[in-house]
Amino acid sequence: MIGIDPHKASWTAAAVGPGLQLLATIRVPVDPQGYRDLRRFATRWPGAIWAIEGAAGLGAPLATRLAADGIAAVDVPAKLAARVRVLSTGHGRKNDDADAISVAVAARSAAGLRTVTVDETVTALRALVEHRDDVVKTRTQTVNRLHVLLTQLLPGGAPRQLTADAAAQLLRPVRPRGIGPRTLRRLAADLVTEIRHLDRRITAANTEIADAVQASRSTLTELRGIGDLTAGKILARVGDVHRFRSAAAFASYTGTAPIEVSSGDVVRHRLSRAGDRQLNCCLHTMAITQIQRDSPGRAYYLRKRADGKSHKEALRCLKRRLSDAVYRCLIRDAEQQNGADPGGHQGATTKSSAAGSTPTTGSSDKSLPGPATTDPTT
């Protein structure tokens, strides 16, 4: 097993044998020559398996090059490698060599780690979604700075929902004479121009994401509470849905499955703060949208409230059911695109593990109680 600890400027590799003994290590720069040196290092052990820590992050460039050369690699989550390092000898000392060894040991000892797959469509969609999020964040910061300036130029400042046109309308009658107010007005006008530019970028990103979702032939937008932007974020962050062995594993990944904290005869569960919080946010938006409208989701929510649950508890139950609905939709889409028969995903080769990026299910990950026939989707 060849474990890789990737960084922005270097790759550190460690070869670990069947007995978990260290065979050799190497550190190379992130460039074509470094990649050739890394491949030459691996030829000393024919048939060795590559394991990359964070193959979707800093390890993505190496994973892409290996995939282009037809070399398979497994994705080792950073948390799993960190646990191996903590439990190993060395009193928790940390360096690149130790990290690479931990990655290799974790890959040898953990079962069902996901094989790295490079999907250019998902990569492009995820880049678009993250780009839009960054631009929206920049716009929010710019609007906040404009609010501060308008507070000093206008009595009472500006309303909360401030747009570029509204700000320009407020600034139009302001004609200060002093150098201080004139400077503030000029800066506010510059911010209005910047907000207009950011609005155009956001609109362009929205169009690109909508086109990408339509090109993917996904039916997520048919679910109530999911638009093009939410569907794009779900598709970008989920990737290959077959890496989840069941709807319960998908719910664990989205952070909607409760975590069991039982002891002895006491059986109880607590709220999960783990999982992909972006996906959790998508399901939260979907749940709020269904609650506000006449839908099966609202009926399910009201039944939970009638059973004595609080608003937050009933909302969490609904999010858990909506997670199943999204999973079923993704599975159906994948089967239609692959031309597989229903249920064909059960034979997928990609497995999952509790410590990996595709967690398996436990008793706490099962669906919450509710009518088996209720499908709060449409």
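Up top is the structure.
Since the structure is predicted, the reported quantities are computational estimates derived from the model, not experimental observations. (Residues numbered from 1 in each chain as written. Predicted model: local features only at pLDDT ≥ 70, side-chain atom pairs only at ≥ 80, totals over all residues. Heavy atoms only, no water.)

### So, the packing of helix α8 (residues 228-238) against helix α10 (residues 277-291)
Consideration 1: Relative orientation of the contacting elements α8 and α10 amounts to 150°, with a least axis distance of 10 Å. What the angle tells us is that α8 and α10 run roughly antiparallel. With respect to the hand of their crossing, α8 and α10 are arranged in left-handed fashion. Of the residues in α10, those in contact with Thr230, Lys233, Ile234, Arg237 and Val238 of α8 are Gln278, Leu279 and Cys282.
Consideration 2: For the contact of α8 with α10, the residue count by class is four nonpolar, two polar and two charged. (Axes fitted to C-alpha atoms, helices over the stretch in contact; angles between N-to-C directions. Helix = DSSP H or I, 4+ residues; strand = E, 2+ residues; numbered from the N terminus. Parallel < 35°, antiparallel > 145°, perpendicular 65-115°, else oblique. Left-handed = near helix turned anticlockwise from the far one by under 90°. Contact = heavy atoms within 4.5 Å. Nonpolar A, V, L, I, M, F, W, Y, C, P; charged D, E, K, R; others polar.)

### Quick notes on the side chain of Ser272
Consideration 1: Secondary-structure assignment places Ser272 in the loop between β7 (269-270) and α10.
Consideration 2: Looking at Ser272, the relative accessible area reads 6%, which means it is buried.
Consideration 3: A polar side-chain atom of Ser272 sits 3.3 Å from the main-chain amide nitrogen of Ala274. (Buried < 20%, exposed > 50% of the residue type's maximum accessible area, 1.4 Å probe, protein only. Polar contact = N/O pair within 3.5 Å; in protein donor to acceptor, adjacent residues only side chain to side chain.)

### Here we look at the packing of helix α5 (residues 120-153) against α8
Consideration 1: One way to put it is that α5 packs onto α8 with a least axis distance of 8 Å and a crossing angle of 130°. With respect to α8, the axis of α5 lies oblique. Seen along the crossing, α5 lies across α8 with a hand that is left-handed. Between α5 and α8, the contacting residues are Val122, Leu125, Arg126, Val129, Glu130, Arg132 and Asp133 on the first element and Leu229, Gly232, Lys233, Leu235, Ala236 and Arg237 on the second.
Consideration 2: Looking at side-chain class alone, the contact of α5 with α8 contains six nonpolar, one polar and six charged residues.

### Topic: the pairing of strand β3 (residues 22-29)
Consideration 1: Looking at chain direction, strand β2 (residues 10-16) and β3 are connected through seven bridges and run antiparallel. Across the sheet, Val16 pairs through a bridge with Leu22, a residue of β3.
Consideration 2: Adjacent in sequence and paired antiparallel, β2 and β3 are bridged by five residues, among which Leu20 carries a positive phi angle near 65°. (Pairing = 2+ DSSP bridges.)

### A look at the sheet that holds strand β5 (residues 73-76)
Consideration 1: If you trace the five strands from one edge of the open sheet to the other, you get β3-β2-β1-β4-β5, paired in mixed fashion. A single partner strand is all that each edge strand has here, and the edge strands are β3 and β5. This sheet shows a mean twist of 20° between the axes of neighbouring strands, independent of strand direction.
Consideration 2: With four bridges connecting them, strand β4 (residues 50-53) and β5 associate as parallel partners. Paired with Trp50 across the strands is Ala73, a residue of β5.
Consideration 3: Lying over the sheet, helix α2 (residues 60-68) contacts β1 (2-6), β2, β4 and β5, oriented at roughly 155° with respect to β4.
Consideration 4: Here helix α4 (residues 96-109) sits on the sheet and contacts β1, β2, β3, β4 and β5; the angle it forms with β2, its principal contact strand, is near 50°.

### Quick notes on the packing of aromatic side chains
Consideration 1: Within this structure, the stated rule accounts for four aromatic pairs.
Consideration 2: Seen in terms of ring centroids, Phe244 and Tyr253 are 5.0 Å apart; in terms of plane orientation they differ by 55°. Their pairing is tilted.
Consideration 3: On the accessibility criterion, Phe244 (2% relative accessible area) is buried.
Consideration 4: An aromatic cluster is present here, built from Phe244, Phe250, Tyr253 and Tyr327 joined pairwise through their rings.
Consideration 5: Looking at Arg65, its charged tip hangs above the ring of Tyr35, at a distance of 5.7 Å from the centre.
Consideration 6: Between Arg243 and the ring centre of Tyr253, over which it is positioned, the NZ or CZ distance is 4.9 Å. (Phe/Tyr/Trp six-rings, centres within 6.5 Å; stacked < 30°, edge-to-face > 60°. Lys NZ or Arg CZ within 6 Å of the ring centre and 35° of its normal.)

### Section: the pairing of β2
Consideration 1: Counted residue by residue, β2 has seven buried out of seven residues, so it is predominantly covered.
Consideration 2: The side-chain alternation of β2 yields two buried faces, one formed by Ser10, Thr12, Ala14 and Val16 and the other by Trp11, Ala13 and Ala15.
Consideration 3: Bridge analysis of β1 against β2 gives five bridges, and the strand direction is antiparallel. Residue pairing for β2: Pro6 is matched across the bridge by Trp11.
Consideration 4: What sits between β1 and β2 in their antiparallel hairpin is a turn of three residues.

### Description of a positive patch on the surface
Consideration 1: On the surface, a cluster of positive charge is contributed by Arg273, Arg277, Lys312 and Arg316.
Consideration 2: With respect to the element layout, Arg316 can be found in helix α12 (residues 311-338).
Consideration 3: Assessed through its relative accessible area of 35%, Arg316 is described here as partly exposed. (Patch = residues over 30% accessible without salt bridge, like charges linked within 9 Å, V, L, I, M, F, W, Y side chains within 5 Å. Areas by Shrake-Rupley, 256 points an atom, 1.4 Å probe, with all protein chains shown as cover. Salt bridge = Lys/Arg side-chain N within 4 Å of Asp/Glu carboxyl O. Lys, Arg positive; Asp, Glu negative; His and termini not counted. Charge placed at Lys NZ, Arg CZ, Asp CG, Glu CD.)

### Thoughts on the side chain of Thr142
Consideration 1: You can see Thr142 is positioned in helix α5.
Consideration 2: When neighbours within four sequence positions are excluded, Thr142 is seen to be in contact with Leu191, Glu194, Ile195 and Leu198.

### Here's the deal with the pattern of salt bridges
Here the idea is simple: oppositely charged side chains can pair when their charged atoms come close.
Consideration 1: Scanning all chains against the criterion turns up 12 salt bridges.
Consideration 2: Between Arg85 and Asp99 there is a salt bridge, with the nearest N and O atoms lying 3.0 Å from each other. Linking Arg85 in helix α3 (residues 78-87) with Asp99 in helix α4, this pair joins segments that are 14 residues apart in sequence.
Consideration 3: Its salt-bridge partner being Asp133, residue Lys233 comes within 3.4 Å of it at the nearest N-O pair. With a gap of 100 residues between them, Lys233 in helix α8 and Asp133 in helix α5 connect regions that are remote in the sequence.
Consideration 4: Take Lys233: its relative accessible area is 15%, and that puts it in the buried class.
Consideration 5: Taking the relative accessible area as the measure of exposure, Asp133 reaches 27% and is therefore partly exposed.

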